Amino acid sequence: METYFKPQKPVVIEECTLGWPAYSKWNLEYMRKVARDKIVPLYDDRPVHHKDGFNEPHARMNMSDYIDLLKTTPTKYRIFLWNILKEIPELQDDFDYPDLGLRFMKGLPMLFFGGRDSHTFMHYDIDLANIFHFHFEGQKDCILFSRKETKYLYKIPHSLITHESIDFSNPDFEKWPALKHATGYRTSLNHGEVLYMPEGYWHYMKYLTPGFSMSLRAMARNPRNVSRAIYNILIMRHYDGLMRKLKGQKWIDWKNEEAIHETNKRIRI
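Note that this is a predicted model, so its numbers are computed, not measured.

(A) A look at the overall build of the chain. Tallying secondary structure elements over the chain gives six helices and 11 strands in all. Its C-alpha atoms give the chain a radius of gyration of 19 Å, within 12% of the compact-globule value 18 Å for 269 residues. The principal-axis extent of the C-alpha atoms belonging to the chain is close to 55 × 45 × 35 Å. Taken over 269 residues, the chain has a buried fraction of 48%. Contacts in the chain between residues far apart in sequence, at least 24 positions, make up 82% of those at least 6 positions apart.

(B) Quick peek at the nonpolar core. The biggest cluster of nonpolar side chains holds 35 residues, and the ones touching the most others in it are W26, M31, M63, L111, F113 and M214. Contributions of two or more residues to this core are made by α2 (28-35), β2 (39-42), α3 (63-72), β4 (78-83), β5 (110-114), β6 (130-136), β9 (194-197) and β11 (211-218). Once you skip the residues sitting within four places of it in the chain, M214 turns out to touch W20, W26, I84, F95, P109, M110, L111, F132, H133 and F134.

(C) Structural view of the state of the cysteines. In total, this model carries zero disulfides according to the counting rule given. Free cysteine: C16, not disulfide-bonded; nearest cysteine sulfur from C142 at 15 Å.

(D) Up close: the packing of aromatic side chains. Following the criterion strictly, the structure yields 22 aromatic pairs and no others. Ring plane angle 75° and centroid distance 6.4 Å describe the contact between Y66 and F113, whose orientation is recorded as edge-to-face. Of this pair, Y66 sits in helix α3 while F113 sits in strand β5, placing them 47 residues apart in sequence. When sorted by exposure, Y66 lands in the same class as F113, which is buried. Ring geometry for F95 and Y97: centres 5.6 Å apart, planes at 65°, overall edge-to-face.

(E) Structural view of the packing of α2 against α3. Running from amino to carboxyl end, α2 crosses α3 at an angle of 165°, the nearest separation of the two axes being 9 Å. Between α2 and α3, the crossing angle belongs to the class labelled roughly antiparallel. α3 is crossed by α2, and the crossing has left-handed handedness. In this structure, α2 contributes L28, E29, M31, R32 and A35 to the contact, and α3 contributes M63, S64, I67, D68, L70 and K71. When its residues are assigned to classes, the contact of α2 with α3 shows six nonpolar, one polar and four charged.

(F) A look at α3. Listed as buried for α3 are M63, S64, Y66, I67 and L70. Projected down its long axis, α3 shows its buried positions confined to an angular sector of 160°, all on one face. Residues of α3 that are buried make contact with α2, β2, β3 (59-62), β4 and β5. Where α3 begins, the capping side chain belongs to N62, and its oxygen is found 3.2 Å from the backbone nitrogen of S64.

(G) Molecular detail of the environment of H49. Tracing the backbone through its elements, the reader meets H49 in the loop between β2 and β3. Separated by 195 residues in the primary sequence, H49 and R244 have C-alpha atoms spaced 8.8 Å apart. Residues contacting H49, with those up to four places away along its chain left out, are R244, Q249 and I252.

(H) Structural context of the side chain of T120. If you trace the backbone, T120 turns up in the loop between β5 and β6. Exposure remark for T120: the relative accessible area of 10% places this residue in the buried category. With residues up to four places along the chain from it excluded, the contact list for T120 reads R78, H203, Y204 and M205.

The rules behind these values
Numbers given for residues are sequential positions, taken from 1 along each chain in its written order. Two thresholds apply to this predicted model, a pLDDT of at least 70 for residue-level local features and 80 or more for giving and counting side-chain atom pairs, whereas whole-chain, interface and lining totals are computed over all residues. For the side-chain quantities, the full set of heavy atoms in the structure was used; hydrogens and water were omitted. Each helix is a run of H or I in the DSSP string that is no shorter than four residues. Each strand is a run of E no shorter than two, and both are numbered from the N terminus. For this measure, only C-alpha atoms enter the radius of gyration; the expected value for a globule follows 2.2 Å times N^0.38, where N is the number of residues. Buried, partly exposed and exposed residues are distinguished by accessible area as a fraction of the type maximum, computed with a 1.4 Å probe on protein chains only: under 20%, between the cut-offs, and over 50%, respectively. Between two residues, a contact is recorded if the distance between any of their heavy atoms is within 4.5 Å. In plain words, nonpolar cores are sets of buried Ala, Val, Leu, Ile, Met, Phe, Trp, Tyr and Cys residues tied together by side-chain atoms within 4.5 Å. Disulfide assignment relies on a single distance test, namely cysteine sulfur atoms paired within 2.5 Å. Classification of ring pairs uses Phe, Tyr and Trp, with its six-membered ring standing for Trp, and accepts pairs whose centres are within 6.5 Å; under 30 degrees between planes counts as stacked, over 60 as edge-to-face, and the remaining range as tilted. The convention used is that axes are lines fitted to C-alpha atoms, helices contributing only their stretch in contact, and that angles between N-to-C directions extend from 0 to 180 degrees. For classification, angles of less than 35 degrees are called roughly parallel, those exceeding 145 degrees roughly antiparallel, those between 65 and 115 degrees roughly perpendicular, and all remaining angles oblique. When the near helix sits turned anticlockwise from the far one by under a right angle, the crossing is termed left-handed; a clockwise turn instead gives a right-handed crossing. Ten residues, namely Ala, Val, Leu, Ile, Met, Phe, Trp, Tyr, Cys and Pro, are considered nonpolar, four, namely Asp, Glu, Lys and Arg, are considered charged, and the remaining ones, Gly among them, are considered polar. Directions pointing from the helix axis toward each C-beta atom define the arc. Here a polar contact means two N or O atoms within 3.5 Å. Within protein one must be a hydrogen donor candidate and the other an acceptor candidate, and residues neighboring in sequence count only if both atoms are side-chain atoms.

Rendered as structure tokens:
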């Protein structure tokens, strides 16, 4: 708490889950067993389209078929924000909420799955929560930036993501020169390890092998982050949705162009 939470510094905790039944039980085959016929929402890395709803999945599949897909071929399809208490309540018996001096939102343990080389866009969470990201099976690459680095990341206006064309695992600094000025963190997660991501941290996740993770979250404490979270939830996402309806793809294209223009203008200044 004193070393990482109070100063809001990310850290990987290596032996946090050794006492959990999940440490020895949770793998892809176990998830197939407990969720075989559950229909799961799938997302890939296609560019945002004006017709896309907020967190609207690109496809759906039952869990057994999805795990077969993960194990047999590289796929861009990921499971994103899958609430295990709602979908498979018995999984809550396999883990505990760590005693870290934080009040976890106990109704929101979320699972994330991905195939080899699938990845998220660089983004931050809409509620700017403190996030503990527990990884199971395989290996995941994680790149983080604090909110102080936002001015260098080509953030898309009225959204939670950076420009989708950036490959943060191997960035092209000639095309995206502001990234040379950004200072962040990079780590990998293995089975049973947990990454602490402070309030509102930007994060990019890439699955080096098929695997899955669970996030537990605690509300932001910084008043500025709390107010920003309220704005994101109550105003920003609804305004963006309205503009998509009114202007269509022109709104998305303008946002992408504005991210490049404003970011490059800042580094010239």
